[in-house]
Amino acid sequence: MSLEIERKFLVKNLDFKIESFEKKYIKQGYLNADKNRTVRVRVSNTKAFLTIKGKSNKAGTTRFEWEKEIVLSEAEELLLLCEPSIIEKYRYLIKKGKHTFEVDEFLGDNLGLIVAEIELNFENETFDKPNWLAKEVTGSLKYYNSSISKLPFKNW
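The model shown is predicted, which means the values in this text are computed figures rather than measured ones.

S.K.: Whenever I open this one, the nonpolar core confuses me. Can you help?
M.R.: Burial of nonpolar side chains together is a common tendency in soluble globular proteins. In this structure, Val-11, Phe-16, Ile-94, Phe-101, Val-103, Ala-116 and Trp-132 are the most contacted members of the largest nonpolar core, which totals 15 residues. Breaking this core down by element, the ones donating at least two residues are β1 (3–11), β6 (87–96), β7 (99–106) and β8 (114–119). Beyond its immediate stretch of four places on either side in the chain, Val-11 contacts Phe-16, Val-103, Ile-114, Val-115, Ala-116, Trp-132 and Ala-134.

As structure tokens, then:
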């Protein structure tokens, strides 16, 4: 069993773009967006992945995650079967100390929402916080991509 340990933050300005060493375009949808488990199809530039995630622990930091790379053409077909709506975003990778932040700048119905995530090795691990981080939203279901696909940011 693979566990994902991450914390999630809102972003207060666009300074992260200057610090970014990589930018990806991501399109993803959910074959199942149940609160206890999600099944996601993601196309990231020219690669595709199928991901299953379990329910988060009480703190919202840790959950089961299984991910496999799949054939791009199969992912594009699976996206047609996904629940409404498809999420589109740019993901920026920013190195801070020994960690890498992933900052998602959402597009379409979620335009204006920018969220940063950091994966950790254990729940209480310390990390360098960039000045562009704002309020922590770890564990807030509202900010999960599976929730955003059901209730887009423009409707908040």
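S.K.: Mind showing me how you'd approach the packing of aromatic side chains here?
M.R.: Two aromatic rings, taken as a pair, are described by how far apart their centres are and by the angle between their planes. Under the counting rule described, the total for this entry stands at eight aromatic pairs. Their ring planes at 65 degrees and their centres at 6.1 Å tell us that Phe-101 and Phe-127 sit as a pair that is edge-to-face. Of this pair, Phe-101 sits in strand β7 while Phe-127 is found in the loop between β8 and β9 (133–136), placing the two residues 26 residues apart along the sequence. Owing to a relative accessible area of 0%, Phe-101 belongs among the buried residues under this scheme.

S.K.: Looking at this structure, how should I read the pattern of salt bridges?
M.R.: Note on pairing: side chains with opposite charge can pair once their charged atoms come close. One pass over the structure, following the stated rule, counts 14 salt bridges. A salt bridge links Glu-136 to Arg-7; the nearest nitrogen and oxygen atoms lie 2.7 Å apart. In this pair, Glu-136 sits in strand β9 while Arg-7 sits in strand β1, placing the two residues 129 residues apart along the sequence. In this structure, Arg-40 engages Glu-67 in a salt bridge whose closest nitrogen and oxygen atoms are separated by 3.2 Å. Of the two residues, Arg-40 sits in strand β3 (residues 37–44) while Glu-67 sits in strand β5 (residues 62–70), which places them 27 residues apart along the sequence. Taking the relative accessible area as the measure of exposure, Arg-40 reaches 6% and is therefore buried. We classify Glu-67 as partly exposed; its relative accessible area is 37%. Here the residues in one salt-bridge network are Glu-4, Lys-53, Arg-63 and Glu-65, joined through shared partners.

About the criteria used
Residues numbered from 1 in each chain as written. Predicted model: local features only at pLDDT ≥ 70, side-chain atom pairs only at ≥ 80, totals over all residues. Heavy atoms only, no water. Core = buried A, V, L, I, M, F, W, Y, C linked by side-chain atoms within 4.5 Å. Buried < 20%, exposed > 50% of the residue type's maximum accessible area, 1.4 Å probe, protein only. Helix = DSSP H or I, 4+ residues; strand = E, 2+ residues; numbered from the N terminus. Contact = heavy atoms within 4.5 Å. Phe/Tyr/Trp six-rings, centres within 6.5 Å; stacked < 30°, edge-to-face > 60°. Salt bridge = Lys/Arg side-chain N within 4 Å of Asp/Glu carboxyl O.

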